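# Residue-level structural notes
Listed below, chain by chain, are the residues.
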Amino acid sequence: MDVTVAPETTQETHISISGVSKTFQTRNGTVQALQNIDLNIQKGEFVSVLGPSGCGKSTLMMLLSGLDTVSTGRITVGKKHIDKPNPDAGVVFQQDVLLEWRSALQNILIQAEIRKSDMGEATERARQLLKMVSLQDFENAYPKELSGGMRQRVSICRALLHKPPLLLMDEPFGALDAMTRDQLQIDLLRLCSESDMTVFFITHSIAEAIFLSDRVVVMSPRPGRIEKIIDIDLPRPRRLAMREDPRFIEYTRELTDIFKSLGVFREEY
Ligand SMILES: Nc1ncnc2c1ncn2[C@@H]1O[C@H](COP(=O)(O)OP(=O)(O)OP(=O)(O)O)[C@@H](O)[C@H]1O
Ligand SMILES: [Mg+2]
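All values derive from a computational prediction rather than experimental measurement. (Residues numbered from 1 in each chain as written. Chains lettered and ligands numbered in written order. Predicted model: local features only at pLDDT ≥ 70, side-chain atom pairs only at ≥ 80, totals over all residues. Heavy atoms only, no water.)

### A short note on the site of ligand 1
Selection criterion: The nearness test applies per residue and asks whether one of its heavy atoms lies within 4 Å of the molecule or strand. Throughout this description, a polar contact denotes any pair of N or O atoms lying within 3.5 Å of each other; where both atoms belong to protein, one of them has to be capable of donating a hydrogen while the other can accept it, and for residues adjacent in sequence the pair is counted only when both atoms sit in side chains. The numbering of helices and of strands both runs from the N terminus, where a helix is a DSSP run of H or I of at least 4 residues and a strand a run of E of at least 2. Amino acids outside the nonpolar list (Ala, Val, Leu, Ile, Met, Phe, Trp, Tyr, Cys, Pro) and the charged list (Asp, Glu, Lys, Arg) are all regarded as polar, and Gly is one of them.
Near ligand 1 there are 16 residues, and of these Ser53, Gly54, Lys57, Ser58 and Thr59 occur at the shortest range. Within the backbone of glycine 56, an N or O atom sits 3.0 Å from an oxygen atom of ligand 1. When contributions to the shell around ligand 1 are tallied by element, the ones reaching two or more residues are β1 (13-26), β2 (29-42) and α1 (57-65). Residue classes in the shell around ligand 1 are distributed as five nonpolar, eight polar and three charged.

### What about the sheet that holds strand β6 (residues 89-92)?
Cut-off, in case you're wondering: One bridge is not enough; two strands pair if DSSP finds at least two bridges between them. Axis definition: a line fitted to C-alpha atoms, over the contacting stretch in the case of helices. Angles run 0 to 180 degrees between N-to-C directions. Note on contacts: a residue pair qualifies if any of its non-hydrogen atoms lie within 4.5 Å across the two residues.
Taken in spatial order, the six strands make up an open sheet running β6-β7-β8-β3-β9-β10, and their pairing is mixed. In this open sheet, the two edge strands, each paired with only one partner strand, are β6 and β10 (226-231). Sheet twist, expressed as the average angle between the axes of neighbouring strands with direction ignored, equals 15 degrees. By the bridge criterion, four bridges tie β6 to strand β7 (residues 166-170) in an arrangement that is parallel. Across the sheet, the residue bridging to alanine 89 is leucine 166, located in β7. Docked against the sheet, helix α7 (residues 246-261) engages β3 (46-50), β9 (215-219) and β10, running at close to 175 degrees with respect to β10.

### Section: the packing of aromatic side chains
This is how the line gets drawn: Two rings from Phe, Tyr or Trp (for Trp, the six-membered ring) form a pair when their centres sit within 6.5 Å of each other. Planes less than 30 degrees apart are called stacked, planes more than 60 degrees apart edge-to-face, and all others tilted. Accessible area is worked out with a 1.4 Å probe on protein chains only. A residue is then buried under 20% of its type maximum, exposed over 50%, and partly exposed in between.
Summed over all chains, the structure comprises three aromatic pairs. With centroids separated by 5.6 Å and ring planes inclined at 45 degrees, the aromatic side chains of phenylalanine 46 and phenylalanine 201 adopt a geometry described as tilted. One end of the pair, phenylalanine 46, is in strand β3; the other, phenylalanine 201, is in strand β8 (residues 198-203), and 155 residues separate them in sequence. For the ring pair phenylalanine 259 and phenylalanine 265, a centre distance of 5.8 Å and an interplane angle of 65 degrees mean the geometry is edge-to-face. Residue classification places phenylalanine 259 among the buried positions, given a relative accessible area of 3%. The partly exposed category is assigned to phenylalanine 265, whose relative accessible area is 35%.

### Quick word on α7
Worth spelling out the cut-off: What a helix should span is 1.5 Å times the count of its residues minus one. This arc describes the spread of directions from the helix axis toward the C-beta atoms.
Its 16 residues place the ends of α7 22 Å apart at the C-alpha level, agreeing with the 22 Å of an ideal helix rising 1.5 Å per residue. All buried positions along α7 are accounted for by Phe248, Tyr251, Leu255, Ile258 and Phe259. An end-on view of α7 places all buried positions within 95 degrees of arc, on one side of the element. Structural note: α7 exposes Pro246 and Ser261 on the side pointing more than 90 degrees away from its buried face. Here α7 starts with a cap whose side-chain oxygen sits 2.7 Å from the backbone nitrogen of arginine 247, and that cap is aspartate 245.

### Overview of the state of the cysteines
The line we're drawing: By disulfide we mean two sulfur atoms from cysteines, separated by a distance within 2.5 Å.
Per the counting criterion, the structure on display carries zero disulfides. In this structure cysteine 157 is a free cysteine whose sulfur lies 14 Å from that of cysteine 192, the closest cysteine sulfur available. You can call cysteine 157 buried: its relative accessible area is 0%.

This is the structure we're talking about:
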């Protein structure tokens, strides 16, 4: 007897962005930042967004976090319709927003205070996170005593403190030196492998997007639209040496060509 078993579906949509546009009213008129964005992201997926400056990447992240609202369209995260700040999301902003009067550790613990979590447990996890980003000796340092990269690492710890099911990161490694950046990419991937956290990651770096992601979303210049979505079919765990893999180089070429065709890269000089 022929028994057909339905394939097991392990994929579950975590984020659904449907027909989303965003316009801003400014003194100089209306700015259309995003135009008709449709994107579904699966639970546990790592999706990077690549696009030129001003194409609406940060705007899209603000909409996902619920810190700003759509002009048209609809966003759901899990079963929630997002029209107000979503406490399940951990957010790392493009510019670190640390409170100057609180130490590194106290800045991270804000998350726990707001959520009224157990402070003993939260402090222990905050210290583990500081160690992960090599800042264990700086828990009592104030933001003004930290370098730009160190401040950003504290922001990353703060976003991760409550083990968010969704992590939204806006160019989190942009201000870091290349070596710290490589290490933090690995640390982030390890954290992801230990949880089923969904990550929405904004970057300007083609190599970073390929290295980290399951899919790379390419956005066109303003008004931001999704130009192309590329599946990154590289095995996990990812290793730094994979950056020399012919498939990695091919993805780099493909993405570079898209940006050339969009006029983002111009080679004549
Ligand atoms: N609060 C705001 N009010 C008015 N215009 C805004 C606002 N936020 C963003 N914009 C405009 O929307 C467009 C997209 O901005 P956004 O910050 O999302 O770009 P981005 O892709 O993150 O750029 P970058 O890579 O430089 O960070 C820009 O033209 C910007 O001027
Ligand atoms: Mg931005």
